[in-house]
There are 2 protein chains.
Amino acid sequence: MKTSNSPLSVTIVGAGNVATHLALALASRGVAVQGICSRTMASASALAHRVGAVASDSLATMAEADVYLLAVKDDALAEIAASWPSARRGGVVLHTAGSIAMDVIAPATAHYGVLYPMQTFTKDNAVDYSRVTCFIEGNDEVSLATARSLSSMIFGRTEELSTADRQQLHLAAVFACNFTNHMYALAYEVLERHGIDPTCLQPLVEQTAHKLATTHPHDGQTGPARRHDHVVTDKHLQALSAAPELQHIYRLLSESIEQRY
Amino acid sequence: MKTSNSPLSVTIVGAGNVATHLALALASRGVAVQGICSRTMASASALAHRVGAVASDSLATMAEADVYLLAVKDDALAEIAASWPSARRGGVVLHTAGSIAMDVIAPATAHYGVLYPMQTFTKDNAVDYSRVTCFIEGNDEVSLATARSLSSMIFGRTEELSTADRQQLHLAAVFACNFTNHMYALAYEVLERHGIDPTCLQPLVEQTAHKLATTHPHDGQTGPARRHDHVVTDKHLQALSAAPELQHIYRLLSESIEQRY
C-alpha cells in the first residue's frame, strides 16, 4: 500500500461501459491506470490503448496496482475473487455492482469494498460526473479511505452505504431508469404501430425528468389516472385491445396511481 | 372572421396549467388575449390580469374574439359546446384535449378544431416551446388555417393529425410522461422507506431521458431484466416482499422487458 498522500495507481478488471467510463475518468484526473484486464484481449487492448495501460486477458498477468476495480458482470465477481492471484493480494479490491454484497470479494484480499456510482453508463454518452453521487463501502479503514479517495476524484458526492441499503438503491434505480426506459419503449411501440413519428415525445420526456429536480414525484403526477378520469382511461384501454400486454400494464399502473390520490 | 393577414384575437376558456401557458405564450407573441373565462372569477381574474384580458365567469359574458381556445377538463367540453352563446358563434373554437374528438365542439360553431401541444404543462415550470410539436385538426380550411397560425406562433413544429391518431398520441404520452413519473414515485417510495435521500437519482433520471434523443429506447434498454439476470431480479423481488404492489409491478415490467430481448 502507498502512504495516504501519494497518488493511487489503478488496474481495472473489465472493459465494458462502466469500466470504460471509470478508466477514462481516472486517467483524465491524472491517476495512473496501470492495467486493463478483460476476458478477450481485443477489448482489453482497445481500452488500455486509450488510457496508456497494459492490456491482459487473465488475472495472473494483469498489471500490479494499489487498487483493483472490478467492473464486470455481477455473476463473474465470485469467480474472480476465488481465482485472485496471490501476487496481487497486496492491493485494495473494489467492485462496482449495485446488488452484490461487499463480502463476495473477501477471498481475494484483506482490503476490499465497493464503489457504486448512481448513474447509467452507455458507450458514447457523456456523463457529468460532478452531479453524480457515488456510494462506497469498505471492510476496514484502508479500503474505505481508498474508495473515498478514488470516488471523490471523479464524482461530485461520495456517500458511505451498507450492502443492504445499496441493494435498495439499485432496486430504486431499476424503477427510475430501466423501467422508465421501458415506458419510453412502449410509447414508441404505440406510435410506430400507427405511423406517428415518436421523436415528438422528446420534449415531454425531458420535461418530466427535469420536473423531478424541483418537484416530488407524488406532487408532480399528472394525467387521467391521477384525475380518476375513467372516460379517458377506458378509451385508452379500448385502444390497446389489440395489444393485451400493454393493456395489462396500462391497467396496473393506472390503478397504482389512482390508489395514491 | 378577420382576413388571413390581420392578427388574431383570442379568448381562452379555462385558467389551469394549459390555459396559463397558452395565454402567456400568446401574449408574449403580441397576440391580443381578449378574455379569460373560468368558472371561478378569482382564477379568471388572476390570469386575465397577467395578460391584459377581461375576466369573466360565464360563457355568456366572455370577451368576443376571433378564436376561442377551450383549455378545460375533458368532461367539461361537451357542456361548454352545448351552452355556447349565440353571440359568440362567429369565431373559430379549438379545444386542447388529447383524447377528445374534434366533433365534440360542433354544436358551438361552424368552424372548430383542435390544438394539442405534445408537452406537459405545470405551473412554474418553464417550457421551451421551440422544441415542442403541436398537433392540429380542423373541420374546414378556416379552422385548420387558424389552428396552424396560432400553433406556429408558439410551437417549433406544427403537424396535422386526425382525432383517432391524436388519441394514440395521448395514449403514448401517458406511458412516456405519466407512467414514467410514477416509476420515479415508486423509486422514491423505496428509498424513503429506507431513509436514503432520493435526490441522488436525479442525474440517472436525466441521463435516461437525454439518451432517448439519440438512441431508440429498444437499443437503449439496460438493467437486469434485459440481461435476463434472474439472480438480481429475484433478489429485488425478495426485497419487495413487504410491498406486494411494487413487487407485482416489478415482476410484470421485468417480464415485459425480457420478452423483447
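Here the structure is shown first, and the text comes after it.
These lines cover the structure that appears in this document, whether it is placed above or below. (Residues numbered from 1 in each chain as written. Chains lettered and ligands numbered in written order. Predicted model: local features only at pLDDT ≥ 70, side-chain atom pairs only at ≥ 80, totals over all residues. Heavy atoms only, no water.)

Let us now look at the overall build of chain A. From N to C terminus, chain A includes nine helices and eight strands. By principal-axis analysis of the C-alpha atoms, chain A measures approximately 70 × 35 × 30 Å. Looking at the 261 residues of chain A, the share that counts as buried comes to 59%. Within chain A, residue pairs in contact and separated by at least 24 positions form 55% of the contacts whose partners lie at least 6 positions apart. Surface exposure of chain A reaches about 10,200 Å², of which carbon and sulfur atoms provide 52%. Where the 19 positive side-chain charges of chain A centre and where its 25 negative ones centre are 3 Å apart. (Helix = DSSP H or I, 4+ residues; strand = E, 2+ residues; numbered from the N terminus. Buried < 20%, exposed > 50% of the residue type's maximum accessible area, 1.4 Å probe, protein only. Contact = heavy atoms within 4.5 Å. Areas by Shrake-Rupley, 256 points an atom, 1.4 Å probe, with all protein chains shown as cover. Lys, Arg positive; Asp, Glu negative; His and termini not counted. Charge placed at Lys NZ, Arg CZ, Asp CG, Glu CD.)

With that settled, consider the environment of Asn178 of chain A. On the secondary structure map, Asn178 of chain A appears in helix 5 (residues 163–193). We classify Asn178 of chain A as buried; its relative accessible area is 8%. Residues Asn178 of chain A and Pro117 of chain A, 61 residues apart in the sequence, show an inter-C-alpha distance of 16 Å. Apart from the residues lying within four places of it in its own chain, the contact partners of Asn178 of chain A are Ala173 of chain A together with Gln221, Thr222, Gly223, Pro224 and Ile257 of chain B.

A word on helix 6 (residues 202–211) of chain A. Most of helix 6 of chain A sits out of view: nine of its ten residues are buried. Buried within helix 6 of chain A we find Gln202, Pro203, Leu204, Val205, Glu206, Gln207, Thr208, Ala209 and Lys211 of chain A. On its buried face, helix 6 of chain A is in contact with helix 5 and helix 7 (217–220) of chain A together with helix 5 (163–193) and helix 6 (202–211) of chain B.

The subject of this paragraph is the pattern of salt bridges. The final tally for this structure, using the stated rule, is 18 salt bridges over all chains. Arg131 of chain A is the partner of Glu206 of chain B in a salt bridge, and the nearest nitrogen-oxygen pair spans 3.1 Å. Residue Glu206 of chain B is found in helix 6, and its partner Arg131 of chain A is found in the loop between strand 6 (111–117) and strand 7 (133–138); the two belong to separate chains. The exposure class assigned to Arg131 of chain A is partly exposed, which follows from its relative accessible area of 42%. For the salt bridge of Glu189 of chain A with Arg260 of chain B, the shortest nitrogen-to-oxygen distance reads 2.6 Å. With Glu189 of chain A in helix 5 and Arg260 of chain B in the segment after helix 9 (244–258), this residue pair bridges two chains. One salt-bridge network, held together by shared partners, links Arg157 and Glu159 of chain A together with Asp197 of chain B. (Salt bridge = Lys/Arg side-chain N within 4 Å of Asp/Glu carboxyl O.)

Right, let's talk about the nonpolar core for a bit. Core analysis: the biggest nonpolar cluster contains 114 residues, and Phe175 of chain A together with Phe175 of chain B have the highest contact counts within it. In this structure, Ala15, Val31, Leu47 and Val92 of chain A belong to the second largest nonpolar core, which totals 35 residues. (Core = buried A, V, L, I, M, F, W, Y, C linked by side-chain atoms within 4.5 Å.)

Bringing the sheet that holds strand 1 (residues 9–13) of chain B into the picture now. Residue and element names in this part refer to chain B. Reading across the sheet, the eight strands line up as 3-2-1-4-5-6-7-8 and stay open at both edges, with mixed pairing between neighbours. In this open sheet, the two strands that pair with only one neighbour each are strand 3 (54–56) and strand 8 (157–160). Direction aside, the axes of adjacent strands within the sheet are offset by 25° on average. Summarising the sheet, strand 4 (residues 67–70) and strand 5 (residues 92–95) pair through four bridges and their orientation is parallel. In the sheet register, Leu69 faces strand 5, and the bridge partner there is Leu94. (Pairing = 2+ DSSP bridges. Axes fitted to C-alpha atoms, helices over the stretch in contact; angles between N-to-C directions.)

This next bit is on the packing of aromatic side chains. Under the counting rule described, the total for this entry stands at ten aromatic pairs over all chains. Summarising the aromatic geometry, the rings of Phe179 of chain A and Tyr250 of chain B are spaced 5.2 Å apart at their centres and angled 65° between planes, so their arrangement reads as edge-to-face. Taken together, the residues span two chains, with Phe179 of chain A in helix 5 and Tyr250 of chain B in helix 9. We classify Phe179 of chain A as buried; its relative accessible area is 1%. Three or more aromatic residues joined by ring pairs make a cluster, and in this case those are Phe175 and Phe179 of chain A together with Tyr250 of chain B. (Phe/Tyr/Trp six-rings, centres within 6.5 Å; stacked < 30°, edge-to-face > 60°.)

The next thing to look at is the interface of chain A and chain B. Listed by partner, the interface residues are 89 residues for chain A and 88 residues for chain B. For the pair chain A and chain B, the two sides together bury roughly 8,600 Å², of which 64% comes from carbon and sulfur. When the area that chain A buries against chain B is broken down by residue, the three leading residues are Phe175, Leu204 and Gln207 of chain A, summing to 8%. There are eight salt bridges connecting chain A and chain B. The interface formed by chain A and chain B contains 37 residue pairs in polar contact (both at pLDDT 80 or more). Where the side of chain A that touches chain B is concerned, the elements lending two or more residues are strand 7, helix 5, helix 6, helix 7, helix 8 (230–239) and helix 9 (244–258) of chain A. Counting residues per element, the side of chain A that touches chain B draws most heavily on helix 5 of chain A, at 27 residues. Across the side of chain A that touches chain B, the residue classes break down as 44 nonpolar, 31 polar and 14 charged. (Buried area = accessible area lost by both parts, 1.4 Å probe. Polar contact = N/O pair within 3.5 Å; in protein donor to acceptor, adjacent residues only side chain to side chain. Nonpolar A, V, L, I, M, F, W, Y, C, P; charged D, E, K, R; others polar.)

Further remarks concern the pairing of strand 6 of chain A. Residue and element names in this part refer to chain A. For strand 6, the tally of buried residues reaches seven of seven residues, placing the bulk of the element in the interior. Relative to strand 6, strand 5 (residues 92–95) runs parallel, the two sharing four bridges. Bridge pairing in strand 6 places Leu94 opposite Gly113. As paired elements, strand 6 and strand 7 share five bridges and run antiparallel to each other. For Tyr116, the partnering residue across the bridge sits in strand 7 and is Phe135.

Residue and element names in this part refer to chain A. Spatially, eight strands are ordered 3-2-1-4-5-6-7-8 in an open sheet, and the strand pairing comes out mixed. Each of the sheet's edge strands pairs with one partner strand only, and the pair in question is strand 3 (54–56) and strand 8 (157–160). The mean angle between the axes of side-by-side strands here comes to 25°, regardless of whether they run parallel or antiparallel. Across the sheet, helix 2 (residues 41–51) lies against strand 2 (32–37) and strand 3, angled at about 170° from strand 3, the strand it touches most. Helix 5 rests against strand 5, strand 6 and strand 7 of the sheet, and its axis sits at about 25° to strand 6.

The operation relating chain A to chain B is a screw motion whose rotation component is 180°, with 0.0 Å of axial translation and a residual RMSD of 0.0 Å. A rotation of that kind, with that shift, is consistent with a two-fold axis. Distance from the rotation axis, computed per C-alpha, reaches its smallest value in chain A at Thr180 of chain A: 2.6 Å. Counting the interface residues of chain A, we find that 99% of their copies in chain B are interface residues as well, pointing to one common contact surface. (Least-squares fit on C-alpha atoms with pLDDT ≥ 70 in both.)

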